[in-house]
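# Observations on chain architecture
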Amino acid sequence: SQELEQSPQSLIVQEGKNLTINCTSSKTLYGLYWYKQKYGEGLIFLMMLQKGGEEKSHEKITAKLDEKKQQSSLHITASQPSHAGIYLCGADISGAGSYQLTFGKGTKLSVIP
Amino acid sequence: DSGVTQTPKHLITATGQRVTLRCSPRSGDLSVYWYQQSLDQGLQFLIQYYNGEERAKGNILERFSAQQFPDLHSELNLSSLELGDSALYFCASSLGTGGVPQYFGPGTRLLVL
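Residues numbered from 1 in each chain as written. Chains lettered and ligands numbered in written order. Predicted model: local features only at pLDDT ≥ 70, side-chain atom pairs only at ≥ 80, totals over all residues. Heavy atoms only, no water.

## Considerations on the overall build of chain B
- Of the regular secondary structure elements, chain B holds zero helices and 11 strands.
- Going from N to C terminus, chain B has its helices and strands arranged as β-β-β-β-β-β-β-β-β-β-β.
- Taken over the C-alpha trace, chain B has a radius of gyration of 13 Å; the compact-globule value for 113 residues is 13 Å, and the two agree within 12%.
- By its C-alpha atoms, chain B is 35 × 30 × 25 Å across when sized along the principal axes.
- Of the contacts formed within chain B by residues at least 6 apart in sequence, a portion of 55% connects residues at least 24 apart.
- Looking at chain B as shown, the accessible area adds up to about 5,300 Å², and 49% of this sits on carbon and sulfur atoms. (Helix = DSSP H or I, 4+ residues; strand = E, 2+ residues; numbered from the N terminus. Rg over C-alpha atoms; globule rule 2.2 N^0.38 Å. Contact = heavy atoms within 4.5 Å. Areas by Shrake-Rupley, 256 points an atom, 1.4 Å probe, with all protein chains shown as cover.)

Have a look at this one:
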């Protein structure tokens, strides 16, 4: 089974609506990273979370880390067409200080104007 | 623009051939990571170099090899290519190892015919 599960796999929302994407790990999270990818392009770093309960915001995107639940959520407020893309969570689950990121399969977000 | 550059952007080759992908990290970054992204496997970590030395290995095939040069650029060599090697290959870089964001390049799209 997938070590990092993202849900939902895809999401279609009307512009202006709020939405949440979840990332759940089957192993202890030592660091959680959110990226956004336009189809066929590189990944854009959004946020990094390292401590349980940590919450970070950038513009209209907020990410939280629930270490006990081994889960992170990404919330977008008042979505815009520019938010469309594939959101990927990546995590260090090999052990503290390891160097490789394991990624979820991604959540494809479409925003209808 | 993440500051990470990759060449070439696209590569079309035949089975059995050998190709070299090149990556230049962000200025000041010492770590370089290589990832492979395919539709069925998602984004998978291949290998990491830190300041010229191999630091971590993931699901990298024996037909694949990499190195990081004194000027910190890195090359990923893929040999005896198979149809299944067709994928997007990303390079990422970070200042250190672990616990810091990785910044991704635009990727090299490899098509093996």
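That was the structure; now back to the text.
## Comments concerning the interface of chain B and chain A
- Between chain B and chain A, the contact holds 25 residues from the first and 17 residues from the second.
- Here chain B meets chain A over a buried area of about 1,700 Å², counting both sides, of which 56% is carbon and sulfur.
- Counting the surface chain B buries against chain A, the share from its top three residues, Leu43, Gly99 and Phe104 of chain B, is 26%.
- Here chain B and chain A share zero salt bridges between them.
- Secondary structure elements with two or more residues in the side of chain B that touches chain A: strand E4 (31-38), strand E5 (42-50), strand E6 (53-57), strand E9 (87-94) and strand E10 (103-104) of chain B.
- Of the residues forming the side of chain B that touches chain A, the biggest block, four residues, is contributed by E5 of chain B. (Buried area = accessible area lost by both parts, 1.4 Å probe. Salt bridge = Lys/Arg side-chain N within 4 Å of Asp/Glu carboxyl O.)

## Quick notes on the side chain of Ser79 of chain B
Residue and element names in this part refer to chain B.
- Residue placement: Ser79 occurs in the loop between strand E8 (74-78) and E9.
- You can call Ser79 buried: its relative accessible area is 18%.
- A distance of 2.8 Å separates the side chain of Ser79 from the backbone oxygen of Arg63, its partner in a polar contact.
- With near-sequence residues (within four places) excluded, Ser79 lies in contact with Gln17, Arg18, Arg63 and Phe64. (Buried < 20%, exposed > 50% of the residue type's maximum accessible area, 1.4 Å probe, protein only. Polar contact = N/O pair within 3.5 Å; in protein donor to acceptor, adjacent residues only side chain to side chain.)

All we've got here are geometric facts, nothing functional implied.
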